[in-house]
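Next come the chains, spelled out residue by residue.
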Amino acid sequence: AALQSGTISARQLVESFLARADSAAYLNAFVTLDREGALQAADAVDAARAAGEPLGPLAGIPLVVKDNIHVGGMPATAGCPGLADFIPAEDAPVVRQLRDAGAILMGKTQMHELAFGATGYNPSFNTGERVGVRNPYNPEHISGGSSSGSAVAMGAHLALAALGTDTGGSMRIPCALCGCPSIRPSSGRYPRGGMIPISSSRDTAGPMGLCMEDVALLDALVTEQSELPEIALSQLRLGVSSEFWRNLDGDTQTLADAALEKLKAAGVTLVPIEDSQIQALNQPIGFPVVFYEAYHALVAYLRDEGPGISIEQLVERVGSPDVKAVYEQIVLPQQLPTDDGPVDLAPIYQAAMESGKPALQAHYKELFARYAIDALIFPTTAIVAPKAYPEVSQPGNFDLLIQNTEPAASAGLPGIQLPIGLGPDSGLPVGMELDAPAGSDRRLLAIGIALEACFGRLPAATLAEAQ
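Quick look at the structure, then. (Residues numbered from 1 in each chain as written. Predicted model: local features only at pLDDT ≥ 70, side-chain atom pairs only at ≥ 80, totals over all residues. Heavy atoms only, no water.)

## Comments concerning the overall build of the protein
Stated formally: Strands are runs of DSSP state E lasting at least 2 residues, helices are runs of H or I lasting at least 4, and numbering of each runs from the N terminus. Atoms counted for the radius of gyration: C-alpha only. Globule rule: 2.2 Å times the number of residues to the power 0.38. Contact definition: two residues touch when any of their heavy atoms are within 4.5 Å. To be clear on the numbers: accessible area is Shrake-Rupley with a 1.4 Å probe, and residue cover counts the displayed protein chains and nothing else. Under the convention used here, Asp and Glu are negative, Lys and Arg are positive, and both His and the chain ends fall outside the count. A single reference atom marks each charge: NZ on Lys, CZ on Arg, CG on Asp, CD on Glu.
Across its full length, the protein carries 16 helices and 15 strands. Over its C-alpha atoms the protein spans a radius of gyration of 21 Å, differing by no more than 12% from the 23 Å that the globule rule assigns to 467 residues. In terms of its C-alpha atoms, the protein occupies a principal-axis envelope of roughly 65 × 55 × 40 Å. Within the protein, contacts between residues separated by at least 24 positions form 77% of all contacts whose residues are at least 6 apart in sequence. Approximately 17,100 Å² of the protein is accessible, and the part contributed by carbon and sulfur atoms is 52%. Charged side chains in the protein number 29 positive and 52 negative. The centres of these two groups are separated by 3 Å.

## What about the packing of aromatic side chains?
Definition in use: Ring pairs shown here join Phe, Tyr and Trp side chains whose ring centres sit within 6.5 Å, with only the six-membered ring taken for Trp; geometry is labelled stacked below 30 degrees between planes, edge-to-face above 60, and tilted in between. Burial classification: accessible surface area is computed with a 1.4 Å probe over protein chains only, and a residue below 20% of its type maximum counts as buried, one above 50% as exposed, and the rest as partly exposed.
Applying the stated criterion across every chain yields a total of 7 aromatic pairs. On the basis of an interplanar angle of 5° and a centroid distance of 6.2 Å, the ring pair of Phe116 and Phe291 is categorised as stacked. Of the two residues, Phe116 sits in the loop between strand S3 (104–109) and strand S4 (134–135) while Phe291 sits in helix H10 (residues 286–304), which places them 175 residues apart along the sequence. One exposure class covers both Phe116 and Phe291, and it is buried. Ring geometry for Phe287 versus Phe291: centroids 6.0 Å apart, planes at 25°, classification stacked. With a gap of 4 residues between them, Phe287 and Phe291 both fall in helix H10, about one helical turn apart. In this structure Phe287 comes out as partly exposed when scored by relative accessible area, which is 31%. Each residue in the set Phe116, Phe287, Phe291, Tyr327 and Phe398 is aromatic and connected to the rest through ring pairs, giving one cluster.

Given below as structure tokens:
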């Protein structure tokens, strides 16, 4: 509104965000900050507005993009030194659609290396003195991952919107830990080209914003599906499955319980589900699918869209010990460690895709119908952001961060993440996720907008004056 009224120019807006990004360099949110390109784009918007030319709905709005999504003319590192010199010539389709709407691409954001982790503790491309992408609400803590820098940019208000990607929780986890809303769209709903992959059947791009209405706007521009249904809270039915409420720390439990009370007071019907069996059905298919596809998808990408190097050459230059171990021990040999020794991934993958995944999808569909619920609701992560330290990416933290986000990704369902407050003890954000039937993305976004009105929005993180 300020841009359209002339209260502020696009150049002034972009300059203010570039200055804020500079003051937040200690958070390690960016790999590339395209100052010159962003200011040139802003000047072009201002000139077009002054000339009375028609402008797109995002004209003059600065966005940031996760560094595994192609932006023409900017590096696409995926947080990996092995891709430091790779500069795609063209935008990914999802980027092109937002740029065509007038968006100004301010830069590329840091991430858990090759998107293979949930913490963002990446030793490469750091702009501050400390290692890894840091939480804007307390930089002693992690940002979450793998869409780390994009979520930090929202939590610290370093841009007005962001793109991330999600394979098993890579948008929802950092958005929960950094206090911003997002949507993981239904599988296949967003264009997939121009992205450095992990899992060809599960990867998807998706938007983050400062509020759910902005997330819905970006979703509409990408998909050309603009309709948002009316949501009456008194008719909304949300399933509360007990297995998604396990292992919660004190702050998460307190705020999640309070969020449910707010929803009940607003007229929402909460439907208890004692044993949904979702986690058990997901167990044999979640990671085997990712590990198998990680090899084949990346080999094809490096050959057809990337810099033309081999996957072995890329892995040699991986800087994160946790990511290097996964590739060397599981992805490259295509073997899964078990108590009885390594086993071949191929037959496990085949069983997962032919029977396991369809069974999980059918079970979700049956649950939504049996309980007549619009969505499942639960804490996005079981814990607030852990402290940042070299071992933070080990399985203990990883399991608690991805516990609740992984099953819907396996089934290809849409999921939104909403901030619900700052923990009374930690002062760190807590998030709530809602998973809904496949293809119901726009209705889920409308539900998110209605629920955000109940929960309220978090204040921007206060940037440290000196770091």
